[in-house]
Amino acid sequence: MLVLFATSAPTQIPSAIGVILADQMNFMLPVLIWTLAGDVFTAGQAVTVYPVISRSLYIGNILGFGAAAAIGVVSDRTDFSPAWLLVIPPVFLVAVAAFVPRILHDVTLSEGHGKNESSKESMKQSLSLLKDLTAFKWMLGVSLSVMAAGAILEFGFFDVAKTTVESTGALQAIYAAVFCGVLMVGLAIQTWVSTPLMKRAGIAKALQILPVATLVASIVMVIAGATEQIAVAIIAIARSEEHTSELQSRGLISYA
């Protein structure tokens, strides 16, 4: 992707690759964190440790989107290209690959499950599990559908935004600021609302919020597309992403 940006290739190609890779990172890294946490910490420690991890994910995202919003403004007023920031994720991921195994060399996860298994065998077992357990099959279908709907909503936002926002830096600033605000609201909801609600209603009820919120957001995005009002598009994508980020930060989407 970086090589394509540096050459004369159409920018749509590396941009599309970047979007796909960014989504993989955004969803896979929390899965990795929750998986490692489940192995490193005991059930007794989970009560105090897991809320800290969940809030750390929120704070990290807020800092990242806050920086992205500022960089969008700076890039419009200077010759700095935000594409140079794409060098950071590969360096960070190489550092994770190099140091995390060393740090966790003496925990249970590093011992493996005592059975050599190829990728093909692992995939076969996973499909067998989905086939045998109806609940998992439904959860996978709903998760895929909601994630696909969320991606379509995101591009719907860009489609509306391009009609009213002229510069790419301004678009980046608006997009990042919206998500930063959404995450702040999500952090507040998680702290004061969702935990008592989840204890009272259970995880099953919490998971039902996501498809309903996505449906409402889709209706609002259709209105935004018809009226070409970016404010309406912001409401639509905020409503969708708020619930997605909330459930993802708690490991519920990872589990699904």
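A.B. asks: I keep staring at the overall build of the protein chain and nothing clicks. Help me out?
C.D. replies: When helices and strands are tallied, the protein chain shows 10 helices and zero strands. Starting at the N terminus, the α and β elements of the protein chain follow one another as α-α-α-α-α-α-α-α-α-α. Within the span of the protein chain, comprising 256 residues, buried residues form 27% of the whole. A fraction of 73% describes how many contacts in the protein chain between residues 6 or more apart in sequence connect residues 24 or more apart. Surface summary for the protein chain: the accessible area is close to 16,100 Å², and the carbon and sulfur share equals 70%.

A.B. asks: Is there a simple way to think about the pattern of salt bridges in this case?
C.D. replies: For the structure shown, the criterion picks out one salt bridge. The salt bridge involving Lys162 is made with Asp159; its shortest N-O contact spans 3.5 Å. With a relative accessible area of 58%, Lys162 lands in the exposed category. By relative accessible area, Asp159 is classed as partly exposed at 44%.

A.B. asks: I would appreciate a short explanation of unusual backbone geometry in the present structure.
C.D. replies: The general pattern is negative phi for most residues beyond glycine and trans for most peptide bonds. Positioned with a positive phi, Glu228 is a non-glycine residue whose angle comes to about 55°. With respect to the helices and strands, the residue Glu228 is situated in the loop between α8 (203-227) and α9 (230-249). Residue classification places Glu228 among the partly exposed residues on the basis of a relative accessible area of 45%.

A.B. asks: Where do I start with a nonpolar patch on the surface in this structure?
C.D. replies: Taken together, the side chains of Leu2, Val74, Phe80, Trp84, Leu85, Val87, Ile88, Val91, Phe92 and Leu93 define a hydrophobic patch exposed on the protein surface, amounting to about 910 Å² of accessible area. Take the nonpolar patch: its biggest share by element is four residues, from helix α4 (residues 88-103). Mapped onto the fold, Val74 is located in helix α3 (residues 43-77). Taking relative accessible area as the criterion, Val74 reaches 41% and is therefore assigned partly exposed.

A.B. asks: Explanation requested: the side chain of Ser75 in the structure shown.
C.D. replies: Mapped onto the secondary structure, Ser75 falls in helix α3. Separated by 2.9 Å, the side chain of Ser75 and the backbone oxygen of Gly72 make a polar contact. Look past the residues within four positions of Ser75 in its chain and what remains in contact with it is Phe80, Pro82 and Gly169.

A.B. asks: Teacher, can you tell me more about the packing of aromatic side chains here?
C.D. replies: Think of a pair of aromatic rings as described by two things: how far the centres are apart, and how the planes are tilted against each other in angle. Tallying each qualifying case throughout the model produces six aromatic pairs. With a centroid separation of 5.3 Å and 25° between ring planes, the pair formed by Phe65 and Phe179 is classed as stacked. Residue Phe65 is found in helix α3, and its partner Phe179 is found in helix α7 (residues 168-201); the two are separated by 114 residues along the sequence. Grouped by ring-pair contacts, the aromatic residues Phe65, Phe155, Phe157, Phe158, Tyr175 and Phe179 constitute a single cluster.

A.B. asks: Can you help me understand the nonpolar core in this one?
C.D. replies: Soluble globular proteins tend to bury their nonpolar side chains together. Counting 18 residues, the largest nonpolar core has Phe157, Tyr175, Met221, Ala224, Ile230, Ala233 and Ile237 as its most contacted members. The set of elements that each furnish at least two residues to this core consists of α6 (134-161), α7, α8 and α9. With residues up to four places along the chain from it excluded, the contact list for Ile237 reads Leu153, Glu154, Phe157, Tyr175, Val178, Phe179 and Met221.

A.B. asks: So what exactly am I meant to see when it comes to helix α5 (residues 119-132) here?
C.D. replies: It helps to recall that an α-helix has 3.6 residues per turn; residues three or four apart then point in one direction. Taking 1.5 Å of rise per residue, 14 residues should cover 20 Å, and α5 covers 20 Å from first to last C-alpha, within 8% of that figure. For α5, the buried fraction is low: zero of the 14 residues fall into the buried class.

A.B. asks: It is not clear to me how the environment of Val87 should be interpreted in this structure. Could you clarify?
C.D. replies: Positionally, Val87 belongs in the loop between α3 and α4. With 85 residues separating them in the primary sequence, Val87 and Leu2 have C-alpha atoms 7.6 Å apart.

A.B. asks: Looking at this structure, how should I read the packing of α5 against α6?
C.D. replies: Two elements in contact, α5 and α6, have axes separated by 5 Å at closest approach and are oriented at 105°. Between α5 and α6, the interaxial angle falls into the category roughly perpendicular. The segment α5 lies against α6, with Leu129, Leu130, Lys131 and Asp132 engaging Thr134, Phe136, Lys137 and Leu140.

Reading the values: rules and limits
- Residues numbered from 1 in each chain as written.
- Predicted model: local features only at pLDDT ≥ 70, side-chain atom pairs only at ≥ 80, totals over all residues.
- Heavy atoms only, no water.
- Helix = DSSP H or I, 4+ residues; strand = E, 2+ residues; numbered from the N terminus.
- Buried < 20%, exposed > 50% of the residue type's maximum accessible area, 1.4 Å probe, protein only.
- Contact = heavy atoms within 4.5 Å.
- Areas by Shrake-Rupley, 256 points an atom, 1.4 Å probe, with all protein chains shown as cover.
- Salt bridge = Lys/Arg side-chain N within 4 Å of Asp/Glu carboxyl O.
- Patch = residues over 30% accessible without salt bridge, like charges linked within 9 Å, V, L, I, M, F, W, Y side chains within 5 Å.
- Polar contact = N/O pair within 3.5 Å; in protein donor to acceptor, adjacent residues only side chain to side chain.
- Phe/Tyr/Trp six-rings, centres within 6.5 Å; stacked < 30°, edge-to-face > 60°.
- Core = buried A, V, L, I, M, F, W, Y, C linked by side-chain atoms within 4.5 Å.
- Expected span 1.5 Å × (residues − 1).
- Axes fitted to C-alpha atoms, helices over the stretch in contact; angles between N-to-C directions.
- Parallel < 35°, antiparallel > 145°, perpendicular 65-115°, else oblique.

Keep in mind these numbers describe shape, not what the thing actually does.
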